[in-house]
Amino acid sequence: VTGKGMTPPQRILFPPEKICMDWRQKRRPGAGLYNLGSTCYVNVVLQCLTYTPPLANYLLSRQHSRFCHQQGFCMMCVMEAHVRKVLYSSASAIRPRAVIRDLKCKQFQVLQQVFFPFCRGELLTSFLVIGEFKPDIPGDAYEFLRCTVSAMQRACLSGSSDLDVSSQETTIIHQIFGGFLRSRVTCLSCEAVSDSYKAFLDVLLKIKAASSLTTALEDFVTPKQMDGKKCFNCSKCKKKVAASKRVTVHLAPRILTVCLGRADDRSSKKISQVVEYPEYLDLQPYMSDTTGEPLLYSLYAVVVHSGHTCLGGHFFCYTKASNGQWYKMNDVSVDNCGIHTVLRQQAYLLFYAR
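Report follows, based on the coordinates. In this text, all values refer to a predicted model and were calculated from it rather than measured experimentally.

Before going further, it helps to examine the layout of surface pockets. The calculated volume of the largest pocket comes to roughly 1,200 Å³. Contributing to the lining of the largest pocket are 40 residues, with Leu181, Lys198, Phe200, Asp202 and Phe220 lying nearest its centre. When residues in the lining of the largest pocket are grouped by element, the largest group, 9 residues, is from helix α6 (residues 141-156). When the residues that make up the lining of the largest pocket are grouped by side-chain class, the tally is 20 nonpolar, 8 polar and 12 charged. Counted as a void, the second largest pocket has a volume near 430 Å³. Together, 18 residues line the second largest pocket, and Leu13, Tyr58, His64, Ala155 and Cys156 are the ones closest to its centre. Sorting the residues of the lining of the second largest pocket by element identifies α3 (63-67) and α6 as the ones contributing at least two each. If one sorts the elements of the lining of the second largest pocket by residue count, α3 sits on top with 3 residues.

As a further point, take the pattern of salt bridges. Taken as a whole and assessed by the stated rule, the structure comprises 3 salt bridges. With a shortest N-O distance of 3.3 Å, Glu143 and Arg146 are connected by a salt bridge. Taken together, the residues span about one helical turn, with Glu143 and Arg146 both in helix α6 at a distance of 3 residues. Residue Glu143 is classed as buried on the basis of its relative accessible area of 1%. Where Asp264 meets Lys208, a salt bridge forms, and the shortest distance between an N and an O atom there is 2.7 Å. A residue pair is termed long-range when its members are at least 10 positions apart, and Asp264 in the loop between β11 (255-261) and β12 (280-282) and Lys208 in the loop between β6 (203-206) and α9 (213-221) qualify at 56 residues. The exposure class of Asp264 is buried, given its relative accessible area of 13%.

Our focus in this paragraph is empty space enclosed by the protein. Empty space among the atoms becomes apparent when a probe as large as a water molecule is rolled across them. Scanning the model with the defined rule gives 3 cavities of 30 Å³ or more in all. Lining the largest cavity we find Phe14, Lys18, Ile19, Cys20, Arg24, Pro54, Asn57, Tyr58, Gln63 and Ile172. The element that contributes the greatest number of residues to the lining of the largest cavity is helix α2 (residues 53-60), accounting for 3 residues. Along the lines of polarity and charge, the residues of the lining of the largest cavity split into 6 nonpolar, 2 polar and 2 charged. Of the pockets and cavities examined, the second largest cavity occupies roughly 40 Å³. In terms of lining, the second largest cavity is formed by Val203, Leu217, Phe220, Val249, Leu256, Leu283 and Tyr286. Partitioned by chemical class, the residues of the lining of the second largest cavity number 7 nonpolar, no polar and no charged.

The rules we used
Residues numbered from 1 in each chain as written. Predicted model: local features only at pLDDT ≥ 70, side-chain atom pairs only at ≥ 80, totals over all residues. Heavy atoms only, no water. 1 Å grid on protein atoms, 1.4 Å probe; cavity = no way out; pocket = protein on both sides within 12 Å on 5 of 7 lines; lining within 4 Å. Points joined across faces, edges and corners; volume = space filled by probe spheres on them. Helix = DSSP H or I, 4+ residues; strand = E, 2+ residues; numbered from the N terminus. Nonpolar A, V, L, I, M, F, W, Y, C, P; charged D, E, K, R; others polar. Salt bridge = Lys/Arg side-chain N within 4 Å of Asp/Glu carboxyl O. Buried < 20%, exposed > 50% of the residue type's maximum accessible area, 1.4 Å probe, protein only.

Below is the structure:
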């Protein structure tokens, strides 16, 4: 077996033993968020991140801002201020103006051309390159989540440009959301095996033929044939050959973020079918090594998209607060609900804590 992509880091930026997965303080749910003009997709991401226990614990401790020397915009400082404001506010709702304002800052730029799993065709533009961000234009919650997490990751790397790639993947953000996928390619002629590894911060699953999250995960790890134009260049056979490729979770994240891809691959039509998802998920069957004890995750947040097409509609979410209770968060409203309600939704994003 040959492998690449798992070089040991030269430096650990944030010790994993300092991460606290349980809430350090238990309190009532925080404030709702005003919609500042088609910003529901921003609100749901902010709420889900606010109720991510290890991230909230870190942000509430002010460990980042106390030692931050970044000039100008810093997404970690922005999120720290936002989380504190939401959880400590006595108001029923607040305006996330600081986050919306800083979206216009070019230092928050992530991609020159962004991929919208929810918005295709004419909406496949670079408006989410934040210099062109417009709060009155509908956006996609998954893409905004990716942009936000990437911006927090870059903030943690400020002043550390000389680090090797493996060391860059040891920030507090990668320690919380990050894992590794293994891609194993097996030559169908000589059975030679080649492994490669890639860090990930979330997983995008196809759901067109899936009735449940576990079915989608099973399809994700099912070996796929590589032939025709996708032939494998086998180092042993010294030529391009047909091969089998299987992707598995090699290193599990502490927080598992899953996007159920509801946009049809060939159009902007929304896949509205019911995809069941459990309150407790065992990730062990989808690991590179499936032996051993169950690898259990607990659901703590769900983002829902309502609407018949991918080009509009509305986002709201369900989150589990530090008091252990579930709440429906729909912009300014924060309403208590039960787990049975949470599990009956047309989910788009799922957040699980290990």
